[in-house]
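Chain by chain, the residues:
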Amino acid sequence: MTAADMTENQSAPSDQPGTPASEPEKTPVNWWQEVKSIILLILAVLAFHSFVAKPFYIPSESMMPVLLKGDRLVVSKFPYGWSYVSPSFHPLPFLKGRIFGRLPERGDIVIVSPQNKREDYIKRVIGLPGDIVEVRGGQVVLNGLPVRQRVLKPVRIPVDGNAPCPPAQFPGALMTDASGRSWCELPARQEILPNGKSYVTIDMGPSTLDWYGPVRVPADHVFLMGDNRDNSADSRAPLEENGLGGPVPWEAIGGRAEFITFSLDGDSSWNPLSWLHAFRSGRAGNSLRPEGVTPPK
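The model shown is predicted, which means the values in this text are computed figures rather than measured ones.

Brief notes about unusual backbone geometry
Note the cis peptide between Met-64 and Pro-65, where omega equals 10°. In this fold, Pro-65 is placed in the loop between strand E1 (53–57) and strand E2 (71–76). In this model, Gly-213 is joined to Pro-214 through a cis peptide bond whose omega is 5°. Phi at Phe-100 is positive, roughly 55°, even though this residue is not glycine. Here Phe-100 lies in the loop between E2 and strand E3 (109–112). With a relative accessible area of 70%, Phe-100 lands in the exposed category. Although it is not a glycine, Asn-143 sits at a positive phi angle of roughly 55°. With respect to the element layout, Asn-143 can be found in the loop between strand E6 (139–142) and strand E7 (145–146).

Below you can see the structure in the form of structure tokens.
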């Protein structure tokens, strides 16, 4: 045997039976790294909700007909800058001022946190700082001039679990068509603000909220109302009645409503097969920005 053969034999791997094969070592799970990743993900989501946009759920009928109970929508947080209510869970006490602050425009739909609660309402901006706001018999009056209105055909809203058309709120509005389908038929008006922004309101008739003011909106405050004028705890209603207690400081504005993502009719159950039928058709993607028309003279 030559020296070359001996060298080859020494370098060749052993294939004799009984020789144990080497197994790769298992790397232990770094649980701290896993927990830290989850915490960072949660913080990133909260930061996005606090500074960019957040989802919002409509829990009441105060903004009918543009918003129905069961609607899910997107609220952008940056259009007016940021304040103490910008964090998603409102952990901060009242703090004066806004970062990169800008006042909302008349007609904007905004989320607002009442002074005595840590929750969000959703209302429409009617009055700005310096405005004199009054309501006479359901007619909004800004700076001594009645806001232009136009009577529309009644709005028909399908009756479902989230829109049952209760007679206490909508007396005489429940009706059934020839096919047997139930509707909530509501009197509607188009309201056009001085800046030309328009939207549709519902007014069922005389109510205690039909008379208010006159009140001058203080500096850095806004006056808010719901589109469902007889069923909205807004700036016309006192804090003791779950209202906003007059004009609210602009720091209490948390963001601007942009569009509806989807809507649920409230008739679903725990059965997943019922979830698809619970989606209301024709609402996803609807813009919540007020329409622009020629401003009234």
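Description of the sheet that holds strand E15 (residues 253–263)
The seven strands lie next to each other as E1-E2-E15-E3-E4-E13-E14, forming an open sheet whose pairing is antiparallel. The open sheet has two free edges, formed respectively by E1 and strand E14 (248–249), since each of these has just one partner strand. Bridge analysis of E3 against strand E4 (residues 121–127) gives four bridges, and the strand direction is antiparallel. In the sheet register, Val-110 faces E4, and the bridge partner there is Lys-123.

What about the state of the cysteines?
Summed over all chains, the structure comprises one disulfide. Two residues, Cys-165 and Cys-184, share a disulfide whose sulfurs are 2.1 Å apart. When the S-S torsion is 70°, as for the bridge of Cys-165 with Cys-184, the disulfide is right-handed. A residue pair is termed long-range when its members are at least 10 positions apart, and Cys-165 in the loop between strand E8 (148–158) and strand E9 (174–176) and Cys-184 in strand E10 (residues 182–192) qualify at 19 residues.

Quick look at the UniProt feature "active site" (unreviewed entry) in the protein chain
UniProt annotation of "active site" (unreviewed entry) refers to Ser-62 and Lys-123 when read in the numbering used here. The largest pairwise C-alpha distance within this set of annotated residues, which runs over 62 residues, is 8.0 Å, so the set is compact in three dimensions. Topologically, Ser-62 is positioned in the loop between E1 and E2. Take Ser-62: its relative accessible area is 7%, and that puts it in the buried class.

Quick notes on the pattern of salt bridges
According to the stated counting rule, one finds 13 salt bridges in the structure shown. Two residues, Lys-54 and Asp-120, come together in a salt bridge whose shortest N-O distance is 3.7 Å. With Lys-54 in strand E1 and Asp-120 in the loop between E3 and E4, this pair connects stretches of sequence that are 66 residues apart. Residues Lys-54 and Asp-120 agree in their burial class; the two are buried.

Structural notes on the environment of Gly-161
Here Gly-161 is to be found in the loop between E8 and E9. Linking Gly-161 and Gly-130, residues 31 residues apart in sequence, is a C-alpha distance of 42 Å. Excluding residues within four positions of it along the chain, Gly-161 makes contact with Asp-265, Gly-266 and Asp-267.

Regarding the nonpolar core
The biggest cluster of nonpolar side chains holds 14 residues, and the ones touching the most others in it are Val-112, Val-222, Leu-224, Val-248 and Ile-253. Sequence-distant contacts of Val-248, that is, excluding residues within four places in its chain, are made with Val-112, Asp-220, His-221, Val-222, Leu-224 and Ile-253.

Focus on the side chain of Ser-76
With respect to the helices, strands and loops of the structure, Ser-76 is situated in strand E2. The class for Ser-76 is buried, based on a relative accessible area of 5%. At 2.4 Å, the side chain of Ser-76 and the side chain of Glu-258 are in polar contact. In this structure Ser-76 touches Val-52, Ala-53, Gly-255, Arg-256 and Glu-258, once residues within four positions along its chain are discounted.

Rules and cut-offs
- Residues numbered from 1 in each chain as written.
- Predicted model: local features only at pLDDT ≥ 70, side-chain atom pairs only at ≥ 80, totals over all residues.
- Heavy atoms only, no water.
- Helix = DSSP H or I, 4+ residues; strand = E, 2+ residues; numbered from the N terminus.
- Buried < 20%, exposed > 50% of the residue type's maximum accessible area, 1.4 Å probe, protein only.
- Pairing = 2+ DSSP bridges.
- Disulfide = S-S within 2.5 Å.
- UniProt positions renumbered as here; feature names shortened; annotations may be inferred.
- Salt bridge = Lys/Arg side-chain N within 4 Å of Asp/Glu carboxyl O.
- Contact = heavy atoms within 4.5 Å.
- Core = buried A, V, L, I, M, F, W, Y, C linked by side-chain atoms within 4.5 Å.
- Polar contact = N/O pair within 3.5 Å; in protein donor to acceptor, adjacent residues only side chain to side chain.

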